[in-house]
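One letter stands for each residue in the lines below.
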Amino acid sequence: MPAAKADDRSQLDPVLRDFAMCFSSTPRGARLARRLVAVRLDAWGMAYGSEVHDAMVLIVAELSANAIRHGRVPGRDFRLRLVAGAEIVRVEVTDTRSESLPVVPPGLPTDLESDGGRGLVLVAGLAARWGWTPRPGAPGKTVWAECCKP
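In this text the structure is predicted, and so the values were computed from the model without any measurement.

Enquirer: Could you clarify how one ought to interpret the overall build of the protein in this entry?
Expert: Along the backbone of the protein there are three helices and five strands. Counted from the first residue to the last, the protein has its helices and strands arranged as β-α-α-β-β-α-β-β. Taking as baseline every contact in the protein between residues at least 6 positions apart, the subset at least 24 positions apart corresponds to 67%. Just so you have it, the protein exposes about 8000 Å², and 55% of that area is on carbon and sulfur atoms.

Enquirer: Sorry if this is basic, but what is going on with the side chain of R90 here?
Expert: When you line up the elements, R90 lands in strand β3 (residues 88–95). Since its relative accessible area comes to 0%, R90 is described here as buried.

Enquirer: Would you take a moment to explain the packing of helix α1 (residues 27–43) against helix α2 (residues 51–70) for this structure?
Expert: Pairs of packed helices are described in terms of their axes, by the angle between the two and the distance that separates them. Where α1 meets α2, the closest approach of the two axes is 9 Å, and the angle between their N-to-C directions is 160 degrees. Between α1 and α2, the angle is such that the two are roughly antiparallel. Note on packing geometry: the crossing formed by α1 with α2 is right-handed. Contacts from P27, A30, A33, R34, V37, A38, L41 and D42 of α1 reach α2 at H53, M56, V57, V60, A61, S64, A65 and I68. Taken together, the residues that form the contact of α1 with α2 break down as 12 nonpolar, two polar and two charged.

Enquirer: Even after reading the chapter, I still don't get a nonpolar patch on the surface, so can you show me in this structure?
Expert: A cluster of nonpolar side chains, namely L58, L122 and L126, defines an oily patch on the protein surface of about 210 Å² accessible area. Tracing the chain through its elements places L122 in helix α3 (residues 119–126).

Enquirer: How should I be thinking about the nonpolar core in this particular structure?
Expert: Side chains that are nonpolar tend, in soluble globular proteins, to be buried together. M56, I59, L63, L80, L82 and V91 are the most contacted members of the largest nonpolar core, which has 34 residues in total. Ranked by residue count, the leading element in this core is α2, at nine residues. With sequence-adjacent residues up to four places away left out, L63 is seen in contact with V91, V93, L120, V123, V143 and A145.

Enquirer: Before we go on, may I ask you to explain the pairing of strand β5 (residues 141–148) in this structure?
Expert: Consecutive residues of a regular strand have side chains that alternate between opposite faces of the sheet. For β5, the buried fraction is high: seven of the eight residues fall into the buried class. In this sheet, β5 lies alongside β3 in antiparallel orientation, the contact comprising eight bridges. Following the sheet pairing, V89 is matched in β5 by C147. Direction of pairing for strand β4 (residues 129–134) relative to β5: antiparallel, over a ladder of six bridges. Looking across to β5, one finds that T133 is bridged to T142. What sits between the antiparallel neighbours β4 and β5 is a turn of six residues, in which G137 has the positive phi angle 75 degrees.

What counts, and where the lines are drawn
Residues numbered from 1 in each chain as written. Predicted model: local features only at pLDDT ≥ 70, side-chain atom pairs only at ≥ 80, totals over all residues. Heavy atoms only, no water. Helix = DSSP H or I, 4+ residues; strand = E, 2+ residues; numbered from the N terminus. Contact = heavy atoms within 4.5 Å. Areas by Shrake-Rupley, 256 points an atom, 1.4 Å probe, with all protein chains shown as cover. Buried < 20%, exposed > 50% of the residue type's maximum accessible area, 1.4 Å probe, protein only. Axes fitted to C-alpha atoms, helices over the stretch in contact; angles between N-to-C directions. Parallel < 35°, antiparallel > 145°, perpendicular 65-115°, else oblique. Left-handed = near helix turned anticlockwise from the far one by under 90°. Nonpolar A, V, L, I, M, F, W, Y, C, P; charged D, E, K, R; others polar. Patch = residues over 30% accessible without salt bridge, like charges linked within 9 Å, V, L, I, M, F, W, Y side chains within 5 Å. Salt bridge = Lys/Arg side-chain N within 4 Å of Asp/Glu carboxyl O. Core = buried A, V, L, I, M, F, W, Y, C linked by side-chain atoms within 4.5 Å. Pairing = 2+ DSSP bridges.

Shown next, in the form of structure tokens:
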């Protein structure tokens, strides 16, 4: 699904659960974000191994990795927010870099041995919707993705 450029929350149902935290813009911070989201989703009733759980954990891994790889400003953290409604689970990852905007390549990279270039393709394939919006009131951007609960 193509990325939306605006943060259209019109399809987000009423919020039942909300979790937000800042993480260091390091591989360790991205790993911790992924693990905390996995635990939080399970606690919210989306069990390990379920389709929505596994999709959201992979999306968080990719968006967090992108935040530390392409959105990192030394000394600045990235912020993760996880929101669950009755029908939709949404993740938002905010970094502090405005000039590096997310773009989905038209297909998988031709260099299959490269260690990058597939993250947003995976996000687009797993999410019901995704997009980005400028960070309000400060430099940076928020990349978001939503998955439908079964």
